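Residue-level structure breakdown
Here's the letter readout for the chains.
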Amino acid sequence: MTLRRRDLLRTFGLTAIGAQLLPLANPSNRIAQTNLSPKTAIELRRLQVGDTVALINPAAFNYEKEVQPFFKVLDNLGLKVKLGEHFYDRYGYLAGKDADRAADVNAAFADDSVRAIFTGMGGWGCARILPLLDYNIIRNKPKIIMGFSDITALLLAIYAKTNIVTFHGPLGASSWSPFTVDYVKKVLFEGGSVTMQNSQSVQVETIGRGTARGKLIGGNLSVIAAMVGSAYLPEWENSILFVEEVGEEVYRIDRMLTQLKLAGILDKISGFIFGQCTKCEAEKPQESLTLPQVLSDHIRPLKIPAWYGSMVGHIREQFTLPIGLEVEIDANSGTIKLLASAVH
């Protein structure tokens, strides 16, 4: 995932502005244990009107004007916001030093007044702080945490180390369109057994027909590929893998899927979903495979239900997907059905 994604994300439409910012609790600097492997899922409390959420930046930095409209979104949802102590820090392309960004994550989980954690920007940087997180605090004080793009590293690591369901959904700098807000409400507030289905204007292309069940795991493809071989990826056996991308040419998508294949990940999954690949056109189309050809080469031999075009990724309208929750997918219609509530 290249840094120009942050610039692309900044071009997405944002809504209104305003809301009061409150300081986040003092961060913890304790180094994480990285060998937790709980067997039972940890329940999360659903969001309610009046709840306080933390807004942090564990990866790239935000310009203040980019995230101001999100405070109005939170206000419309009936939520109060606490801003991470280092939210507006800047260290090159990062939102501050690694220790400070990690401290904001730890502090948000430790703060009993915070009911959920939202993230401002993707870009790059989450993988750098994974060894600095206190997974004991995170597991003992479980909370909703949501984001996408580079936030994939944080979401997968927390799920892998604590078995807490995490949420692949909009960032603070996302557009928060009515479609996006509706799925956030359905999944995080209402807690129903939601079925994700594309809007009529966005078609899906079936790669392998049929239905499958498994734990939903995934996120940004290049982030996942870069984490292969680390201690921060979950088990893939019988999972449903979903991926999305932005700003990567087709040959790079090929390379990353090849890496997942060589690592044995693709051979373990029971279903596959490719979301949207925004600005992924080949520089020389006449000398390139197409994305459907690459997906066919890698996924059809697996003989599993699979499709391309789900509303997941660097797009204006997107689903909220619970990582680690049991789902049933239908590749014929391109739907994702949650088999349990992600929050209680």
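Scroll up for the structure.
A few points on the structure. (Residues numbered from 1 in each chain as written. Predicted model: local features only at pLDDT ≥ 70, side-chain atom pairs only at ≥ 80, totals over all residues. Heavy atoms only, no water.)

Here we look at the overall build of the protein chain
As a reminder, the rule being used: Here a helix means four or more residues in a row that DSSP labels H or I, a strand means two or more in a row labelled E, and each is numbered from the N terminus. Buried means the residue's accessible area, taken with a 1.4 Å probe over protein chains only, is under 20% of the maximum for its type, while exposed means over 50%, and partly exposed covers the values in between. Note on areas: Shrake-Rupley, 1.4 Å probe, and residue coverage restricted to the protein chains presented here.
Along its length, the protein chain carries 10 helices and 15 strands. Looking at the protein chain residue by residue over its 344 residues, the buried ones come to 60%. Total accessible area on the protein chain is roughly 13500 Å²; 48% of this is exposed by carbon and sulfur atoms.

Details of helix α2 (residues 64-76)
Residues spaced three or four apart along an α-helix face the same direction, because each turn holds 3.6 residues. If you check which residues of α2 are buried, you get Glu 66, Val 67, Gln 68, Pro 69, Phe 70, Phe 71, Val 73 and Leu 74. Immediately downstream of α2, the backbone of Gly 78 shows phi near 80°, a positive value.

So, the packing of helix α9 (residues 250-262) against helix α10 (residues 291-299)
For the record, the criterion: Note on geometry: axes are lines fitted to C-alpha atoms, helical ones only across the stretch in contact, with angles between N-to-C directions running from 0 to 180 degrees. The scheme is simple: roughly parallel for angles under 35 degrees, roughly antiparallel for over 145, roughly perpendicular for 65 to 115, oblique for anything else. For a crossing to be left-handed, the near helix must be turned anticlockwise from the far one by less than a right angle; the clockwise case is right-handed. Note on definitions: a residue-residue contact is assigned when non-hydrogen atoms from the two residues lie within 4.5 Å.
In the contact formed by α9 and α10, the axes pass within 9 Å of each other and the chain directions differ by 15°. Here α9 is positioned roughly parallel relative to α10, judged by the angle of their axes. Two packed elements cross with a definite hand, and for α9 against α10 that hand is right-handed. Taking contact as the criterion, the partners of Val 250, Ile 253, Asp 254, Leu 257 and Thr 258 in α9 are, on α10, Leu 291, Val 294, Leu 295 and His 298.

Observations concerning unusual backbone geometry
Despite not being glycine, Ser 149 has its phi angle at roughly 65°, a positive value. With relative accessibility at 2%, the residue Ser 149 sits in the buried group. You will see that Trp 176, though not glycine, has its phi angle at about 50°, which is positive. By secondary structure assignment, the location of Trp 176 is in the loop between β6 (166-168) and α7 (178-190).

Focus: the sheet that holds strand β8 (residues 205-208)
As a reminder, the rule being used: Criterion used throughout: strands pair if DSSP finds at least two bridges between them.
Read across the open sheet, the 8 strands follow the order β7-β15-β14-β9-β10-β11-β12-β8; overall the sheet is mixed. Of all the strands in the sheet, just β7 (195-196) and β8 have a single pairing partner and so form its edges. Taken together, the 2 bridges between β7 and strand β15 (residues 335-338) define a ladder with antiparallel strand orientation. Bridge pairing in β15 places Met 196 opposite Ile 336. With respect to the sheet, α10 is in contact with β8, β11 (271-278) and β12 (306-308), its orientation differing from that of β11 by roughly 160°.

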